[in-house]
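Single-letter residue listing:
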Amino acid sequence: MADSVIRRAAEADRSALQVLWETVFGDPPELIQAFFAHFPPEASGWIVSRGEELCSAAYLLTGNRLVSGGHSRPCAYVYAVATPEPERGHGYASRLMRHFAQMADAQGVLLYTRPAEPGLYAWYRDVMGASATGTGREAVVHRAALAHPDLALRSVHPLEYGRLRELRLAHTPHVALSGAFLALQAEYSHAADGALLALGDGCAIAEVEEGTLLVKELLVPELQRPDAVQMLLRRFDLDTAIVRRPGRSGAAVPFAAFRPFTPEPEDAVNWGLFLD
């Protein structure tokens, strides 16, 4: 590892980065190209390299902001950490995460991510200092045969979704999402047969996963929530939904790993959307 260096990705690295992404995550080229269109590797990608060899790579997505108590601070979302199989076990990804932590401290940026599996929360704690966990709940809701919900429902563009989202979260500590992040989320959702939606007096994002509706975000008044979920099940003609709800009391599902920050809001932070 002594002869390796950490550097920003360059345009010339795109092909190797795409092959690494396909190999590690199994995503189709179209999804990877959509990501690169909104977060180009030369702007968001970081690499550990040894000569011409790519030893590890990850992306640091900037532009989001943590909004709380009338103040905001920049956030950076760590995404798609990948190491070629022959290079694993040498600490390259850990070294890259420590580099991200040092940059975040130097620039006053809040660093957060959504680990791909529960076991990785401890890894991010150890290598990136992400010792705090944002939690939530995932409720399973079934389609009700006798339900007759009557809420307005329509697809919206990412910028309109962002506006609706900020209206609903105005009094809640939350991560405000950049236009690029929302545009990428829209493409990911469409690829998963989902959509960004205006719903009732709020908004929602839903995707289809193996015949189940994943409601990644549902921001409507409390009284509208039951009808809103039924509207979504009707809209996608599915029988079961998994509805995420971050930052609530009694929450037990880990959603985000983040580096502690001050001042910490009194209320739980809504960490928002994750690119999963």
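Residues numbered from 1 in each chain as written. Predicted model: local features only at pLDDT ≥ 70, side-chain atom pairs only at ≥ 80, totals over all residues. Heavy atoms only, no water.

If you had to explain the overall build of the protein chain to someone new, which residues and values would you point to?
A count of helices and strands for the protein chain gives eight helices and 13 strands. In terms of C-alpha radius of gyration, the protein chain reaches 19 Å, essentially the compact-globule figure of 19 Å for 276 residues. The principal-axis extent of the C-alpha atoms belonging to the protein chain is close to 65 × 40 × 30 Å. Per-residue burial over the protein chain gives 50% buried out of 276 residues. Sequence separation of at least 24 residues holds for 71% of the intrachain contacts in the protein chain that already meet a minimum separation of 6. Within the structure as shown, the protein chain displays about 13,200 Å² of accessible surface, and the carbon and sulfur contribution to it stands at 51%. One finds the centroid of the 25 positive side-chain charges in the protein chain at a distance of 5 Å from the centroid of its 33 negative side-chain charges. (Helix = DSSP H or I, 4+ residues; strand = E, 2+ residues; numbered from the N terminus. Rg over C-alpha atoms; globule rule 2.2 N^0.38 Å. Buried < 20%, exposed > 50% of the residue type's maximum accessible area, 1.4 Å probe, protein only. Contact = heavy atoms within 4.5 Å. Areas by Shrake-Rupley, 256 points an atom, 1.4 Å probe, with all protein chains shown as cover. Lys, Arg positive; Asp, Glu negative; His and termini not counted. Charge placed at Lys NZ, Arg CZ, Asp CG, Glu CD.)

Tell me about the layout of surface pockets, and name the residues and values.
Here the largest pocket defines a volume of roughly 1,000 Å³. Lining the largest pocket are 46 residues, with F25, A80, R114, P115 and A116 positioned closest to its centre. Where the lining of the largest pocket is concerned, the elements lending two or more residues are α1 (14-25), β4 (71-82), α4 (92-107), α5 (120-128), α7 (179-191), β10 (202-209), β11 (212-219) and β12 (240-246). For the lining of the largest pocket, the element with the most residues is β4, which contributes six residues. Looking at the lining of the largest pocket residue by residue, the class counts come to 29 nonpolar, seven polar and 10 charged. (1 Å grid on protein atoms, 1.4 Å probe; cavity = no way out; pocket = protein on both sides within 12 Å on 5 of 7 lines; lining within 4 Å. Points joined across faces, edges and corners; volume = space filled by probe spheres on them. Nonpolar A, V, L, I, M, F, W, Y, C, P; charged D, E, K, R; others polar.)

Could you give an account of the side chain of R225, naming the residues involved and the relevant values?
Mapped onto the secondary structure, R225 falls in helix α8 (residues 225-236). Buried and without a salt bridge, R225 has E222 as its closest oppositely charged side chain, separated by 4.5 Å. Here R225 is in contact with L218, V220, V243 and R245, once residues within four sequence places are set aside. (Salt bridge = Lys/Arg side-chain N within 4 Å of Asp/Glu carboxyl O.)

Lay out empty space enclosed by the protein in plain terms, naming residues and giving numbers.
Under the counting rule described, the total for this entry stands at one cavity of 30 Å³ or more. One number sums up the size of the largest cavity: a volume of about 30 Å³. The biggest single contributor to the lining of the largest cavity is α1, with four residues. For the lining of the largest cavity, the residue count by class is eight nonpolar, no polar and no charged.

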